[in-house]
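In case you want the letters, here they are:
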Amino acid sequence: MRTVKNTSGLLFALLTLIQPEAHADLTISPVQLYISGDRQQRSTTATLNTKGEKTDRTYEISVFRWTQDEQGNDVLTPDTDLVVNPKALILLPDSNKVIRFGFRQSIAAMNLKQEETWRVKFSEIPSPLQKTGMSIALNFSVPVFVGNGFQPEMSFHFVKDEKNNAVLMAKNNGKAHFQITKFSIQDASGKVLKDIDTMKYILPDRQVSIPMDGFNTTSIKGLKFVMASNASKTSVVYDITEN
């Protein structure tokens, strides 16, 4: 079976941000899919919309099992357990298409020990070259999270890279993914020492490294990782421990 490793972040990651737009005239909603298994749920849907386009867009849809290696690099393996319907579509100008994602068996029958993850890739089949210029294919993917009742368990600490620059290590010891977006490093008084604008997923029992160029780690006692929560108006706060 073919396995694809992405060492530069999230493969096909145009739609993994918290914003729903993939293109000025193309959106998909939601951008994160959840199949919890509650009340016998085994499927979900997403809607692909186009507005203001002058030509059709044709897509092929493929499914990958999504894991990460020990360095937090994404590993995508072609998979058939998650079923997508349709597997190909033509999106007309100013129209929408509903895509269904689901499993043949119940989530309970899968006996999950932790949250499981997939990625669904939308690959555009380019239209012939137009007289006005070159057509540009737009490819993107959406994550699918499966299971319920699992929680992440995060820890943070600093290390130094080969050039002696500070690197923040974020480790997930839990059973569900954790998503890092824009965050700050603050001291014990709440003073912001550094802002970092990034987007990373950390799958269960994995860790990622976040470069902290220019950050002085001479004294890290009392430092905190602070990130705004998408689910509430409160912040997510973790102590940064000494390694």
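Bear in mind that the values here come from a model prediction, so they are computed numbers and not experimental data.

1. Concerning the pattern of salt bridges
Next, step 1: Using the criterion set out here, one finds four salt bridges in the structure.
Next, step 2: Across the salt bridge formed by Glu124 and Arg57, the nearest N and O atoms sit 2.8 Å from each other. Of this pair, Glu124 sits in strand 11 (residues 116-125) while Arg57 sits in strand 6 (residues 57-68), and the two are 67 residues apart along the sequence. Residue Glu124 shares its accessibility class with Arg57, and that shared class is buried.

2. Describing the packing of aromatic side chains
Next, step 1: Taken as a whole and judged by the stated rule, the model has 14 aromatic pairs.
Next, step 2: Their ring planes at 80 degrees and their centres at 6.0 Å tell us that Phe178 and Tyr238 sit as a pair that is edge-to-face. Residue Phe178 is found in strand 15 (residues 178-180), and its partner Tyr238 is found in strand 21 (residues 235-241); the two are separated by 60 residues along the sequence.
Next, step 3: Its relative accessible area of 8% is what places Phe178 among the buried residues.
Next, step 4: A residue is classified by how much of its surface remains accessible, and Tyr238, at 22% relative accessible area, is partly exposed.
Next, step 5: Ring pairs connect the aromatic residues Phe156, Phe178, Phe183, Phe225 and Tyr238, which therefore count as one cluster.
Next, step 6: Sitting over the face of the ring of Trp66, Arg119 holds its NZ or CZ atom 4.2 Å from the ring centroid.

3. Focus on the sheet that holds strand 21
Next, step 1: One open sheet holds the seven strands; their spatial order is 17-16-20-21-13-14-19, and the pairing between them is mixed. Two strands in the sheet have a free side with no partner beyond their single neighbour: strand 17 (192-196) and strand 19 (206-211). Averaged over all pairs of adjacent strands, the angle between strand axes in this sheet comes to 25 degrees, irrespective of strand direction.
Next, step 2: Inspection of the sheet shows strand 16 (residues 183-186) paired to strand 17 by four bridges, in the antiparallel sense. Looking at the pairing, Ile185 lines up with Lys194 of strand 17.

4. A few points about the pairing of strand 20 (residues 224-228)
Next, step 1: Bridge count between strand 16 and strand 20: four bridges; the pairing is antiparallel. Residue Ile185 lies in a different strand from strand 20, and its bridge partner there is Phe225.
Next, step 2: When strand 20 meets strand 21, the two strands line up antiparallel, connected through five bridges. Residue pairing in the sheet places Phe225 in a bridge with Tyr238 of strand 21.

5. Brief notes about the nonpolar core
Next, step 1: Among the nonpolar cores identified, the biggest contains 28 residues, and Leu48, Leu82, Phe101, Val120, Phe122 and Val146 are the most heavily contacted of them.
Next, step 2: For this core, the secondary structure elements donating two or more residues are strand 3 (26-29), strand 4 (33-35), strand 5 (43-50), strand 6, strand 9 (88-91), strand 10 (96-102), strand 11 and strand 12 (140-146).
Next, step 3: Setting aside residues no more than four positions away along its own chain, Val146 makes contact with Ile35, Phe103, Ile107, Met110, Leu112, Glu115, Glu116 and Trp118.
Next, step 4: By size, the runner-up hydrophobic cluster in this structure holds 21 residues, among which are Ala166, Leu168, Ile180 and Ile220.

6. Details of the environment of Ala170
Next, step 1: Turning to its location among the elements, Ala170 is positioned in strand 14 (residues 166-172).
Next, step 2: For the pair Ala170 and Arg206, spaced 36 residues apart in the sequence, the C-alpha separation amounts to 8.6 Å.
Next, step 3: Setting aside residues no more than four positions away along its own chain, Ala170 makes contact with Met154, Ser155, Phe156, Ile180, Ile202, Arg206, Gln207 and Val208.

7. Quick word on unusual backbone geometry
Next, step 1: Between Ser29 and Pro30 the backbone carries a cis peptide bond, its omega angle lying at -5 degrees.
Next, step 2: Mapped onto the secondary structure, Pro30 falls in the loop between strand 3 and strand 4.
Next, step 3: The linkage connecting Asn85 with the following residue, Pro86, adopts the cis geometry, with an omega of 5 degrees.
Next, step 4: Phi at Arg39 is positive, roughly 55 degrees, even though this residue is not glycine.
Next, step 5: Among the structural elements, Arg39 can be located in the loop between strand 4 and strand 5.
Next, step 6: For Arg39, a relative accessible area of 86% translates into the label exposed.
Next, step 7: Unusually for a residue other than glycine, Asn111 sits at a positive phi of about 50 degrees.
Next, step 8: With respect to the helices and strands, the residue Asn111 is situated in the loop between strand 10 and strand 11.
Next, step 9: Judged by relative accessible area, Asn111 falls into the exposed class, the value being 55%.

What counts and how
Throughout, residues of each chain are indexed from 1 in the direction in which the sequence is written. Two thresholds apply to this predicted model, a pLDDT of at least 70 for residue-level local features and 80 or more for giving and counting side-chain atom pairs, whereas whole-chain, interface and lining totals are computed over all residues. Each side-chain value is derived from all of the structure's non-hydrogen atoms; neither hydrogens nor water enter the calculation. We define a salt bridge as a contact between a side-chain nitrogen of Lys or Arg and a carboxyl oxygen of Asp or Glu at a distance within 4 Å. What counts as a helix is a DSSP run of H or I of at least four residues, what counts as a strand is a run of E of at least two, and both are numbered from the N terminus. For the exposure calls, accessible area comes from a 1.4 Å probe over protein chains only, and a residue counts as buried if that area is under 20% of its type's maximum, exposed if over 50%, partly exposed in between. A pair of Phe, Tyr and Trp rings is counted when the ring centres sit within 6.5 Å of each other, with Trp represented by its six-membered ring. The angle between the planes then sorts it: under 30 degrees is stacked, over 60 is edge-to-face, the rest tilted. Comment: the charge-over-ring label is applied if NZ (Lys) or CZ (Arg) is within 6 Å of the ring centre and within 35 degrees of the ring normal. Pairing between strands requires that DSSP locate at least two bridges from one strand to the other. Note on geometry: axes are C-alpha line fits, over the in-contact stretch for helices, and angles between N-to-C directions span 0 to 180 degrees. By nonpolar core is meant a set of buried Ala, Val, Leu, Ile, Met, Phe, Trp, Tyr and Cys residues that side-chain atoms within 4.5 Å join together. Here, residues are in contact when the closest pair of their heavy atoms is within 4.5 Å.

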